[in-house]
Amino acid sequence: MDFVSYAWVIPALPLAAMILIFFGTRPLEMLARRRASGETAGAGHSAGHDHDASATDAHASPAVSAQGEDTHGASHSGGHSENGGATPFWAMAGSVIGVVAMVLAFFVAVGVLVEFLTTKDNNLIQHGQYIFLFDWFRFGNLDYTIAFRVDQLTAVMLVVVTGVSMLVHLYSIGYMEGDPGYSRFFIELALFTVAMLILVLGANFLVLFIGWELVGLSSYLLVGFWFDAAPEPPGSDLDLPYPPAAALKAFLTTRLGDFGFMIGILILFFSTGTFDFGALNSAATYTHVNQVALTAAMILVFCGAVGKSAQFPLHVWLPDAMAGPTPVSALIHAATMVAAGVYLVARLFPLYHFAAGPQSLEVVGYVGGFTALFAATIALVQNDIKKVLAYSTISQLGYMFVGLAVGPNNALGIFHLFTHAFFKALLFLGSGAVIHALGTQDMRKMGGLARYIPITAATFLVATLSISGFPFFAGFFSKDPIIGQAFDYGTTHGGNYTLYGLTIVTAFLTAFYMFRAYFLTFGGRYGQIAGFWGAERAYRGEAHPHPPSWVMWLPLVILAFPAALAGYWSSFANFLTKGATPAVNISDYINSAFSDKLTLIGIVVALAGIALAWLMYGVQALPAKVFTGNPIGKGIHALLMHKYYMDDLYRLIIKYVVLGLAHLTVLFDRYIIDGIVNGSGMAVRGLGAATRRTESGNTQGYGAAIFGGALIILLLLFFAVGVLKL
Amino acid sequence: MSLDIPTIAFYLIAIVLVGSALAVVLLRNIVHSALFLAVMFGAAAGAYVLLNAEFIAIVQVLIYAGAVTILVLFAIMLTRNAQSQSSNPFAKQWWLALIICVLLGFGLVYAVGNSAMAVASAFAPVHLATLGADSGTVTRLGQLLYSPFVYSYVLPFEIASVVLLVAIIGAIVIGRED
Amino acid sequence: MVTLNSFLVLGAILFCIGLFGALSKRNAVAILMSIEIMLNAVNITLVGYSSAFMGHTHGERLTGQIFAIFIITVAAAEAAVALAMIIAIYRRRSTIDIGEINLMRW
């Protein structure tokens, strides 16, 4: 069947779901809610009770608020088992519509991928399928078309986006159960999915940019989903962001990068005269372009990617974006949207690699490498499970950029994107299950949870092994080639092994902090299998953990398979490069992965990280005091706890530079703009005061003015005709 | 300049017209003004006769010289102010009005003398010689005003009757004592 | 020789006399009379044109006379309404001096 030509169905399905929920089930739900609240007025446990009530209930419950650890996220996700009630029927119907639409979309996306894998049509392989939607406008000989292009890269992204989105939709039924904004959540989730699919399907910059901004918008909406949550109670050191502020921060920080992105697009457009990716990436186009302009343009485009993919120095929004519901973090801030920057660079890879100067990819690589290490170090000391994962995401995105920068094609980075999407989504969904079970996201209040929620623990362990680069897991097959390629890159670039050093150290840190998170959450002392499977005694919290429902654990189990096995797609590079690189069969693939000395170093490093985490947190043989006891260690710890003071630095910049400029603008506004406005007002008033004297009420005066005017016109006509001979 | 009867008649009528108009404007007694207005209306009727517009002339006599003059006299009678010495004074800015009117008059006369229409009038003199010979214009005028079959001004004519009705009612409403 | 020009000039002079009266008199009835002079001046002009272009070469051009009839109609209506207003004003303010009727003053 011709799936590729019908790829437009994929974004159309969630769009239809969104419209159905928005105009169909949500109004019905609200009507039903009004009816219910009319019947059970005063009953706080009705399905329709408002959101503030649930927040105060959670705060009032002694088990939670007495600890001072209550969080707004927890008060919604964890606390609703006591006071949230069931999901209303129509809201549930809406979410089922969303899930069904996503399942269908996923199957179409898989069909597209399979068609690309099996096709013999060389034209399709080389150029993909162009799907024309409509002409936006025509301008001279320039066509601004809204069109999709499906090629191998898009096909991979489609499967990732629809797959993760489908599972997140399903998971959210359990996670968001009873939330007052349940329907709104699914609307926004569907909106995000549509936007992300438009982004990856776009055949030109215009369509991509529409998707790019729409995902930013839906990210804003979803991070600020609990916009009426109470601010963080004083005394908490988790540094939980206030959702509306976090949403704004995410939106504005990303916009900073988009500024460069837009300029980059325009430079590219003015240099080449086209927005179309196919045309841009063809040598026929870019060989005629000034290389300096092209390099600048590519670096500016990368600015957009820096913002969207939360790379240094615009990474600050992603940890705060964890204020959103955890499924959102899994979908948007781990698997898909933040990967859009990587996708963008990969999409323009020929421009970066062949057309622009080497500086552009060097910028990509060094920003990525530095960010990977930078974020990994911060992740070492986080106590919030979601924060660990957020910094881990930033770090892994850095890996992807390194992969793009050092690789001979875009397969390395995209392969890591592909595997990362699964195991990071799994990690986030697993952490969501933990938060849902406990009502807190503070890892110091966890421990030994493997006994209570074994499915979550097992799947989380799979993902942790994968991200740590443990052999035979997906992350190993995608991350180790990047590290190896970074070494080769150093060799070919005059022995500059900076990128290799950054990535290998990051690999160690990644293994360490991920297993630290695992042990703190699920494992711990006294547990089975040397602490990997924690005991009840290791549990440090008070709330009784309750296991997740099937809608929540089923996505975890499903995701565990790609998280473990996605790395065995041996001919990924061959597929993505349209056959430019040779296909590899699976045994050669595994053999080559282990025959390399560099790979062995990588494995050793990863195992060392795991071992250190095990020593410190698994069996607790090595107390953290060893590192933080001395003044230097203490200083570093404080530095990391404060995230290198980046937020404070930005706060200072905003306080003094931005607000200073704002004050100047206010002065300008007050004295120049207002001066002009008020001045014109005064002028009109003066003119009115002067001219009202003529309004004497003397009709004969008016008549005289009329005929005097006629006379003047007559005289002017005479003058024009008689003297000027007009 | 040949002094045939129509020419003499024209100048006589013109002198009476201008003279009575000036009298209307300049006289200090409003009743005298009103009487000269009647004279002026009659002279205008004469001018229409000279122009072969008998119907207009008769209408002029009936409506203007008859009805409007009586109306004006009624109004004067009803608004008589015993205290004022002059019943028809000038306003303060009469000199300004004079300047405007004189200049406008010169301008109009100059324009009439130099316009394309004046050139047209050179080959189309008013045929005053046919004075009283043919009065067919009344029939034609009647057809033009309210023929239902040929092109006519029947709709404006009907509207004009509505205007008159409105004016009658309006005058009664405004003028009645309340 | 009486031509169209003669009537046009006559109409212009009458119009200006009427205008002078309308702009310079203080008695409202006198102003109304002046306006009637102006309307008659216009009628003379229109009928003059109508007659000038009537004949074998031009066919019957009676439009000017039709206009004159309508002007007379409207003038009659105007006179009736205006005089009624003058009487109403006089009844209320005991004057018809338009220098003192200045409700439109700022």
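Numbers given for residues are sequential positions, taken from 1 along each chain in its written order. The lettering of chains begins at A and the numbering of ligands begins at 1, in the order of writing. Note on the predicted model: pLDDT of at least 70 is required for a residue's local features to be given, and 80 or more for side-chain atom pairs to be given and counted; whole-chain, interface and lining totals, by contrast, use all residues. Side-chain metrics in this entry use all non-hydrogen atoms of the structure; hydrogen atoms and water are not considered.

Q: So what exactly am I meant to see when it comes to the overall build of chain B here?
A: Numbering goes from the N terminus for both helices and strands, where a helix is a DSSP run of H or I of at least four residues and a strand is a run of E of at least two. Looking only at helices and strands, chain B has seven helices and zero strands in total. Of the regular secondary structure in chain B, the N- to C-terminal order runs α-α-α-α-α-α-α. Think of it in three bands: residues with accessible area under 20% of the maximum for their type are buried, residues over 50% are exposed, and the middle band is partly exposed, with areas taken using a 1.4 Å probe on protein chains only. Burial analysis of chain B (178 residues in total) assigns 39% to the buried set. Only the protein chains shown count as cover for residues, and the accessible areas themselves come from Shrake-Rupley with a 1.4 Å probe. Carbon and sulfur atoms make up 74% of the accessible area of chain B, which amounts to about 10100 Å² in all.

Q: Got a minute to help me understand the interface of chain C and chain B in this structure?
A: Contacts between residues were defined by any pair of non-hydrogen atoms, one from each residue, lying within 4.5 Å. Listed by partner, the interface residues are 69 residues for chain C and 84 residues for chain B. Surface buried jointly by chain C and chain B totals about 6800 Å² across both partners, of which 79% is contributed by carbon and sulfur atoms. Salt bridge, as used here, is a side-chain nitrogen of Lys or Arg placed within 4 Å of a carboxyl oxygen of Asp or Glu. Remark: the boundary between chain C and chain B carries zero salt bridges. Polar contact is defined as a pair of N or O atoms within 3.5 Å, subject to the rule that within protein one atom must be able to donate a hydrogen and the other to accept it, and that residues adjacent in sequence are counted only when both atoms are side-chain atoms. Seen at the junction of chain C and chain B, the total is six residue pairs in polar contact (both at pLDDT 80 or more). Of all the elements in the fold, those that place two or more residues in the side of chain C that touches chain B are helix 1 (4–24), helix 2 (28–52) and helix 3 (63–93) of chain C. Among the elements that make up the side of chain C that touches chain B, the one with the highest residue count is helix 3 of chain C (22 residues). Split into classes, the residues belonging to the side of chain C that touches chain B amount to 47 nonpolar, 17 polar and five charged. In short, buried area is how much 1.4 Å probe accessible area vanishes from two parts on joining, totalled over both. When residue character is reported, Ala, Val, Leu, Ile, Met, Phe, Trp, Tyr, Cys and Pro are called nonpolar, Asp, Glu, Lys and Arg charged, and the others, Gly included, polar.

Q: Could you clarify how one ought to interpret the pairing of strand 2 (residues 142–150) of chain A in this entry?
A: Side-chain positions along a regular strand alternate between the two faces of the sheet. All names here are of chain A. Where burial is concerned, most of strand 2 is hidden: seven out of the nine residues are buried. The pairing of strand 1 (residues 129–139) with strand 2 spans nine bridges and is antiparallel. Following the sheet pairing, tyrosine 130 is matched in strand 2 by arginine 149. Only strands joined by at least two bridges in the DSSP assignment are considered to pair.

Q: I would appreciate a short explanation of the confidence of the model for chain A in the present structure.
A: As a note on interpretation, predicted positions should not be read in detail where pLDDT is low. Model confidence for chain A is summarised by a mean pLDDT of 83, while 92% of its residues fall at 70 or above. Below a pLDDT of 50 lies the segment residues 42–83 of chain A, which in the model reaches 66 contacts outside its immediate sequence neighbourhood of four places, other chains included. Values of pLDDT, the confidence the predictor places in each residue, fall between 0 and 100.

Q: For this particular structure, what's the right way to read helix 20 (residues 385–406) of chain A?
A: Turn by turn, an α-helix covers 3.6 residues, leaving residues three or four places apart pointing in a common direction. Residue and element names in this part refer to chain A. Spanning 22 residues, helix 20 covers 32 Å between terminal C-alpha atoms, matching the ideal 32 Å at 1.5 Å per step. Judged by how many residues are buried, helix 20 sits mostly within the fold: 22 of 22 residues are covered. If you check the start of helix 20, you find a side-chain oxygen 2.9 Å away from the backbone N of lysine 386, and it comes from aspartate 384. Under the convention used throughout, the expected extent of a helix is 1.5 Å for every residue step, that is, one less than its residue count.

Q: Mind showing me how you'd approach the packing of aromatic side chains here?
A: The geometry of an aromatic ring pair is captured by two quantities: the separation of the ring centres and the angle between the planes. All names here are of chain A. Geometry of aromatic contacts follows a simple scheme: Phe, Tyr and Trp rings, the Trp one being its six-membered ring, pair when their centres are within 6.5 Å, and the pair is stacked under 30 degrees between planes, edge-to-face over 60, tilted otherwise. In the structure shown here, the tally under the stated rule is 51 aromatic pairs over all chains. Where phenylalanine 418 meets phenylalanine 422, the ring centres are 5.2 Å apart and the plane angle is 85 degrees; that geometry is what we call edge-to-face. With phenylalanine 418 and phenylalanine 422 both in helix 21 (residues 411–438), this residue pair falls four residues apart, about one helical turn. According to the relative accessible area criterion, phenylalanine 418 is buried, its value standing at 7%. On the basis of relative accessibility, which here comes to 8%, the residue phenylalanine 422 falls in the buried class.

Q: Honestly, the pattern of salt bridges in this entry has me stumped. Any pointers?
A: Close approach of charged atoms lets side chains of opposite charge pair. Residue and element names in this part refer to chain A. With the rule as written, the count across this model stands at 11 salt bridges over all chains. When the shortest N-O distance is used, the salt bridge between arginine 255 and glutamate 213 registers 2.6 Å. Of this pair, arginine 255 sits in helix 11 (residues 243–272) while glutamate 213 sits in helix 10 (residues 205–223); the two residues are 42 residues apart in sequence, bridging distant segments of the chain. The exposure class of arginine 255 is partly exposed, given its relative accessible area of 24%. Through salt bridges with shared partners, one network takes in Lys249, Asp320, Lys643 and Asp647.

Q: What exactly am I supposed to notice about the confidence of the model for chain B here?
A: Residues and elements named next belong to chain B. Confidence along chain B averages 81 in pLDDT terms, with 82% of residues attaining 70 or more. Taking the mean pLDDT of every element in chain B, the minimum, 54, falls on helix 5 (residues 116–123) and the maximum, 91, on helix 2 (residues 30–50). Low pLDDT (under 50) marks residues 122–126, which in the prediction has 10 contacts with non-local residues, meaning those over four places away or in another chain. Low confidence marks residues 129–133, where pLDDT is under 50. Its contacts with residues over four positions away, or in another chain, come to four contacts. Our summary of model confidence lists the complex with pTM equal to 0.66 and ipTM equal to 0.88.

Q: So what exactly am I meant to see when it comes to the packing of helix 16 (residues 326–335) of chain A against helix 21 of chain A here?
A: Each pair of packed helices can be described by the angle between their axes along with the distance between the axes. Residue and element names in this part refer to chain A. Where helix 16 meets helix 21, the closest approach of the two axes is 8 Å, and the angle between their N-to-C directions is 160 degrees. The angle between the axes of helix 16 and helix 21 places the two elements in the roughly antiparallel class. The handedness of the crossing between helix 16 and helix 21 is right-handed. Where helix 16 abuts helix 21, its residues Thr326, Pro327, Ser329, Ala330, His333, Ala334 and Ala335 lie against His420, Ala421, Lys424, Ala425, Phe428, Leu429, Ser431, Gly432 and Ile435. A breakdown of the residues in the contact of helix 16 with helix 21 according to their chemical character gives nine nonpolar, six polar and one charged. For helices, the fitted line uses only the C-alpha atoms of the stretch in contact; every axis is such a line through C-alpha atoms, and the angle between N-to-C directions lies from 0 to 180 degrees. Should an angle lie under 35 degrees it is considered roughly parallel, over 145 roughly antiparallel, and from 65 to 115 roughly perpendicular; all remaining angles are considered oblique. Note on convention: near helix rotated counterclockwise from far helix by under a right angle means a left-handed crossing. Clockwise means right-handed.

Q: What should I look at first to understand helix 7 (residues 154–175) of chain B in this one?
A: Residue and element names in this part refer to chain B. The end-to-end C-alpha separation of helix 7 is 31 Å, in line with the 32 Å expected for 22 residues at 1.5 Å each. Ala160, Ala167, Ala171 and Gly175 are the residues of helix 7 that are buried. Viewed along the axis of helix 7, the buried residues span an arc of 25 degrees, placing them on a single side of the element. Away from the buried face of helix 7 by more than 90 degrees, exposed residues Leu155, Val166 and Ile172 are located. To be clear, the arc concerns the directions from the helix axis to the C-beta atoms.

Q: What should I look at first to understand the interface of chain C and chain A in this one?
A: Where interface size is quoted, it is often the accessible area lost as the parts come together. Of the residues lining the interface, 15 residues belong to chain C; the matching set on chain A comes to 11 residues. Interface area, chain C with chain A, both sides summed: about 990 Å², of which 62% is carbon and sulfur. At the junction of chain C and chain A, the tally comes to zero salt bridges. Along the contact surface separating chain C from chain A lie two residue pairs in polar contact (both at pLDDT 80 or more). For the side of chain C that touches chain A, the secondary-structure elements that each account for two or more residues are helix 1 and helix 2 of chain C. For the side of chain C that touches chain A, the element with the most residues is helix 1 of chain C, which contributes five residues. Counted by class, the side of chain C that touches chain A contains 10 nonpolar, two polar and three charged residues.

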